[in-house]
Amino acid sequence: MFNIELIDTPFEALQTDAKIVFVVGKNFTHQWIKDKETLELMGFKGESEEAIFIPSSKRVYVGCESLQADELRLAAAKALDVIKKSSLATLGIALYSDECAKGSLRALIEGFILGSYVFDTYKSKKEESSLKTITICLEDYAQKPLSLQEAKEALKSAQIIAEATNFARDIINGTPEDITPIALATIAQSLTSIPNVTCKVMDEAFLKAQGMNAFLAVNRASIHPPRLIHLSYQPKNATKRWVYVGKGLTYDSGGLSLKPSEHMVTMKADKSGAAAVMSILKGAAQLELPYEIHAIIGATENMIGGNAYKPDDVLVAKNGKTIEVRNTDAEGRLVLADCLCYAQSLKPDVLIDMATLTGACVVALGEYTTGVMGHSSELQHTFLHASLKSGELSAILPFNKYLKKLIKSSVADISNISSSRYGGAITAGLFLDHFIEEENKSKWLHLDIAGPAYLEKSWGYNPYGASGAGVRANLYWMMKESSK
Ligand code: BES
Ligand code: ZN
Ligand code: ZN
């Protein structure tokens, strides 16, 4: 990984192997663009995601649609992409500020770190990058002022946020044989090296004693024992308690309602909610946010075997509600039901669960967007706003009483699947709602990240594989709330 340094000199005075210049809004007249003719000759139009390296002038030109934060992330990532096979060791760039110069710098740095992510754990030959340093000078494209102090703060927060995202990506990309529930717990425990972070790991005996039978049923046919992971960040003088709950299916085969092979591949990513909540806590603790934060993870596999839980079983969850199992592939909601009950014993001010919960959410919103559900329009909208700022796409999926009827059961209090094939993301959210106590209804958000969590085709600055969905959106959200 390269260093990022800040320097208070003019852009043209930078002594780096090459310089990055953004072509903003197809405007080729800016003084830093030295190769207008060559660019024209090469057919470079300055469009978004277009990048070219001109060796004679040692400039990397990148199209940047506007100065919006996410355009900067994208342009920064594309700049590194185009020179990744070169031997350049040092790169220089200036500031490209929108109304919030600090936010723009943060986005630019995030783009560099997110865009340079490579997952090569399972490759025998690793490709080393020659890039050692990116130097950012404080001269701005549009001459907006930013103090060195503010720039330093932006650098620090961008590094924490982007590295937390890459931390989640690494966990999710790990194979089901490597990242078992016990391994996930070990990773969580490693975060206790951060000040004010503690971790408790609970085993089967605890789950039994707590009556978390829905969670235990999902685990039954797995050779890997389950773990309930409880990470906490408790700074002095915390002003609010945020409790996150993550779906940690280290593998989802579907269970006896077995998935077809083509849907089973990528199900190592069914632990993306767990990886996200751990990474959010890591980032928040490093940012020293003034909140008490908990990350509760239900970690297990969903497998088949003679002792597997079955369609027709009736399970009793931690809160005493009975659940008719009609499809063992709707397992995430069973694990989350018990974990949400546990989470509410912590008396949260805000309660957020994150899960790769339904294929229906991907059908509804596409592969790029998180589905946001809950009862509080204020909570939904403040989240949505922060998500947009962070460069993550999110959309609200509204609950309604007609969809709620679809998860009624004739034999138990509730069925684990809907009686209709439509509206599956929302009916899954409404299933979880049965496990939210009345006093917590307006404090709760359910984030279905099934679409954006894992990519089989890269897009923007997200490479093939895990994206770390939800990490940046939530960190931006908490940062914004803490500055109010
Ligand atoms: N883990 C899956 C959801 C999923 C699907 C995540 C695609 C990422 C990509 C979940 O456990 C599941 O299998 N859900 C079922 C629910 C159905 C049986 C009601 C689904 O979406 O098909
Ligand atoms: Zn499933
Ligand atoms: Zn699942």
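So, a few notes on the structure that sits alongside this text. From a predicted model like this one, the values you see are computed outputs, not experimental measurements.

A separate point is the pattern of salt bridges. Oppositely charged side chains may form a pair once their charged atoms are brought near each other. What the rule picks out here adds up to 20 salt bridges. A salt bridge links Arg 73 to Glu 110; its shortest N-O distance comes to 2.7 Å. Here Arg 73, found in helix 2 (residues 69-82), pairs with Glu 110, found in helix 3 (residues 101-115); they are 37 residues apart in sequence, far enough to count as distant. The burial state of Arg 73 is the same as that of Glu 110; both residues are buried. The salt bridge partner of Lys 259 is Asp 252, with a shortest N-O separation of 3.9 Å. Exposure class is identical for Lys 259 and Asp 252. Each is buried. Residues joined by salt bridges that share partners form a network here, namely Glu 12, Lys 19, Lys 34 and Arg 59.

Right, let's talk about the site of ligand 1 for a bit. The full set close to ligand 1 counts 15 residues, and Lys 259, Asp 270, Asp 329, Glu 331 and Gly 359 are the nearest of them. The side chain of Asp 252 places a nitrogen or oxygen atom 2.9 Å from an oxygen atom of ligand 1. Residue Asp 329 places a side-chain N or O atom 2.8 Å away from an oxygen atom belonging to ligand 1. In this structure the site holding ligand 1 corresponds to the second largest pocket. For the shell around ligand 1, the per-class residue count stands at four nonpolar, four polar and seven charged.

Left-over empty space is what a probe sized like a water molecule reveals as it rolls over the atoms. This structure, assessed with the given rule, holds one cavity of 30 Å³ or more. Roughly 110 Å³ of volume is contained in the largest cavity. Lining the largest cavity are 14 residues, and of these Glu 392, Pro 452, Trp 459, Asn 462 and Arg 472 lie nearest its centre.

Our next topic: the packing of aromatic side chains. Centre distance and the angle of the planes are the two values used to describe a pair of aromatic rings. Inspection of the entire model under this criterion finds 15 aromatic pairs. Taken together, a centroid distance of 6.3 Å and an interplanar angle of 70° make the contact between Tyr 454 and Tyr 464 edge-to-face. With Tyr 454 in strand 18 (residues 454-455) and Tyr 464 in the loop between strand 18 and strand 19 (465-466), this pair connects stretches of sequence that are 10 residues apart. Ring pairing ties together the aromatic residues Phe 11, Phe 22, Trp 32, Tyr 96 and Tyr 141, which thus form one cluster. The aromatic ring of Phe 11 is capped on one face by Lys 19, whose charged end is 5.7 Å from the ring centroid.

When the terminal C-alpha atoms of helix 3 are compared, their 21 Å separation across 15 residues agrees well with the 21 Å that a helix rising 1.5 Å per residue should span. With respect to burial, helix 3 is a largely interior element, 13 of its 15 residues being buried.

A few words now on the coordination of the zinc ion (ligand 2). Ideal donor angles around a metal are set by the shape: a four-donor tetrahedron calls for 109.5 degrees, a six-donor octahedron for 90 or 180 degrees. Note on the zinc ion (ligand 2): its protein donors are Asp 252 (OD), Asp 329 (O), Asp 329 (OD) and Glu 331 (OE). The metal-donor distances range over 2.0 to 2.2 Å. Considering all six donor atoms around the zinc ion (ligand 2), the spread of angles at the metal, 71 to 167°, places the coordination shape in the irregular class. Of note, the zinc ion (ligand 2) draws all its donor residues from one chain, in the sequence arrangement D-x76-D-x1-E. The zinc ion (ligand 3) is placed at 3.2 Å from the zinc ion (ligand 2), the two being bridged by Asp 252. Of this pair, Asp 252 sits in strand 9 (residues 241-252) while Glu 331 sits in the loop between strand 12 (322-324) and helix 10 (332-344); the two residues are 79 residues apart in sequence, bridging distant segments of the chain.

Criteria and thresholds
- Residues numbered from 1 in each chain as written.
- Chains lettered and ligands numbered in written order.
- Predicted model: local features only at pLDDT ≥ 70, side-chain atom pairs only at ≥ 80, totals over all residues.
- Heavy atoms only, no water.
- Salt bridge = Lys/Arg side-chain N within 4 Å of Asp/Glu carboxyl O.
- Helix = DSSP H or I, 4+ residues; strand = E, 2+ residues; numbered from the N terminus.
- Buried < 20%, exposed > 50% of the residue type's maximum accessible area, 1.4 Å probe, protein only.
- Near = heavy atom within 4 Å.
- Polar contact = N/O pair within 3.5 Å; in protein donor to acceptor, adjacent residues only side chain to side chain.
- 1 Å grid on protein atoms, 1.4 Å probe; cavity = no way out; pocket = protein on both sides within 12 Å on 5 of 7 lines; lining within 4 Å.
- Sits in = over half its atoms within 2 Å of the grid points.
- Nonpolar A, V, L, I, M, F, W, Y, C, P; charged D, E, K, R; others polar.
- Points joined across faces, edges and corners; volume = space filled by probe spheres on them.
- Phe/Tyr/Trp six-rings, centres within 6.5 Å; stacked < 30°, edge-to-face > 60°.
- Lys NZ or Arg CZ within 6 Å of the ring centre and 35° of its normal.
- Expected span 1.5 Å × (residues − 1).
- Donors = N, O, S within 2.8 Å, 3.2 Å for Na, K, Ca; no water.
- Tetrahedral: all angles 85-135°; square planar, octahedral: opposite > 155°, others 65-115°.

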